[in-house]
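Read off the chains here:
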Amino acid sequence: MKFIFASLALFGLPPVPHAEAQRHRADQDEAFRGRQAGALRPLRDIEGGIVPRMKQRGADYIGAEFDGGMGRYRLKFMRDGSVIWVDVDGRTGAVVGRAGE
């Protein structure tokens, strides 16, 4: 474990608190199980429906997170120095929320 923290420090990255890392891993495991069971759409499908539209509006795609409790993907974009979050239902692919500009 010390090696991991030392490696992160070499790259200038702060170590992720253990509880946060466990929550992130649990969300990722839930997303995987949901995709395997056919209950969730793959992230690539979600991105394919959202990213091109946001790029047309001048936003750069940064990445995505999955919220296992809500069954939602949260896509992060940057435009003119501002962060934009787009929340997408993992089952339907419908945009269910948006924050920032």
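Note: the structure precedes this text.
Conventions we followed
- Residues numbered from 1 in each chain as written.
- Predicted model: local features only at pLDDT ≥ 70, side-chain atom pairs only at ≥ 80, totals over all residues.
- Heavy atoms only, no water.
- Pairing = 2+ DSSP bridges.
- Helix = DSSP H or I, 4+ residues; strand = E, 2+ residues; numbered from the N terminus.
- Axes fitted to C-alpha atoms, helices over the stretch in contact; angles between N-to-C directions.
- Contact = heavy atoms within 4.5 Å.
- Core = buried A, V, L, I, M, F, W, Y, C linked by side-chain atoms within 4.5 Å.
- Buried < 20%, exposed > 50% of the residue type's maximum accessible area, 1.4 Å probe, protein only.
- Phe/Tyr/Trp six-rings, centres within 6.5 Å; stacked < 30°, edge-to-face > 60°.
- Salt bridge = Lys/Arg side-chain N within 4 Å of Asp/Glu carboxyl O.
- Polar contact = N/O pair within 3.5 Å; in protein donor to acceptor, adjacent residues only side chain to side chain.

Engineer: Looking at this structure, how should I read the pairing of strand 4 (residues 95-99)?
Structural biologist: As paired strands, strand 3 (residues 82-89) and strand 4 are joined by four bridges and run antiparallel to one another. Residue pairing in the sheet places Trp 85 in a bridge with Ala 99 of strand 4. Counted along the chain from strand 3 to the antiparallel partner strand 4, the turn is five residues long, and its residue Gly 93 has a positive phi close to 85°.

Engineer: Is there a simple way to think about the sheet that holds strand 4 in this case?
Structural biologist: Whenever strands of a sheet pair, they do so through backbone hydrogen bonds, lying parallel or antiparallel. Strands sit in the order 1-2-3-4 across an open sheet of four strands; the sheet is antiparallel. With one partner strand each, in any of the chains shown, strand 1 (60-67) and strand 4 form the two edges of the open sheet. On average, adjacent strands in this sheet sit at an angle of 20° to one another, irrespective of strand direction. Pairing between strand 1 and strand 2 (residues 72-79): seven bridges, direction antiparallel. Counted as the bridge partner of Glu 65 is Arg 74 from strand 2. Sitting on the sheet, helix 3 (residues 43-56) touches strand 1, strand 2, strand 3 and strand 4, and the angle it makes with strand 2 is about 30°.

Engineer: What exactly am I supposed to notice about the nonpolar core here?
Structural biologist: Nonpolar side chains tend to gather and get buried jointly when the protein is soluble and globular. Counting 13 residues, the largest nonpolar core has Ile 50, Met 54, Leu 75, Phe 77, Val 86 and Val 88 as its most contacted members. Broken down by secondary-structure element, the contributors of at least two residues to this core are helix 3, strand 2 and strand 3. Leaving out residues up to four positions away in the same chain, Met 54 has contacts with Ala 59, Phe 77, Ile 84, Val 86 and Arg 98.

Engineer: Would you explain the packing of aromatic side chains in this entry?
Structural biologist: Given two aromatic rings, one states the distance between the centres and the angle between the planes to describe the pair. Evaluated as defined, the whole model comprises two aromatic pairs. Centroid distance Tyr 61 to Phe 77: 5.2 Å. Interplanar angle 45°. Geometry classified as tilted. Of the two residues, Tyr 61 is situated in strand 1 and Phe 77 in strand 2; the sequence distance between them amounts to 16 residues. Look at Tyr 61 and you get partly exposed, because its relative accessible area is 24%.

Engineer: Can you help me understand the pattern of salt bridges in this one?
Structural biologist: Two side chains carrying opposite charge are able to pair once their charged atoms lie near each other. The full count for this structure, using the stated rule, is three salt bridges. Between Arg 91 and Asp 89 there is a salt bridge, with the nearest N and O atoms lying 3.7 Å from each other. We classify Arg 91 as partly exposed; its relative accessible area is 47%.

Engineer: Looking at this structure, I do not really get the side chain of Arg 79. What am I missing?
Structural biologist: Its location among the elements puts Arg 79 in strand 2. The exposure class assigned to Arg 79 is buried, which follows from its relative accessible area of 15%. From its side chain, Arg 79 meets the backbone oxygen of Arg 57 in a polar contact 3.0 Å long. If near-sequence neighbours (up to four positions away) are discounted, Arg 79 is found in contact with Arg 57, Gly 58, Ala 59, Ile 84, Arg 98 and Glu 101.

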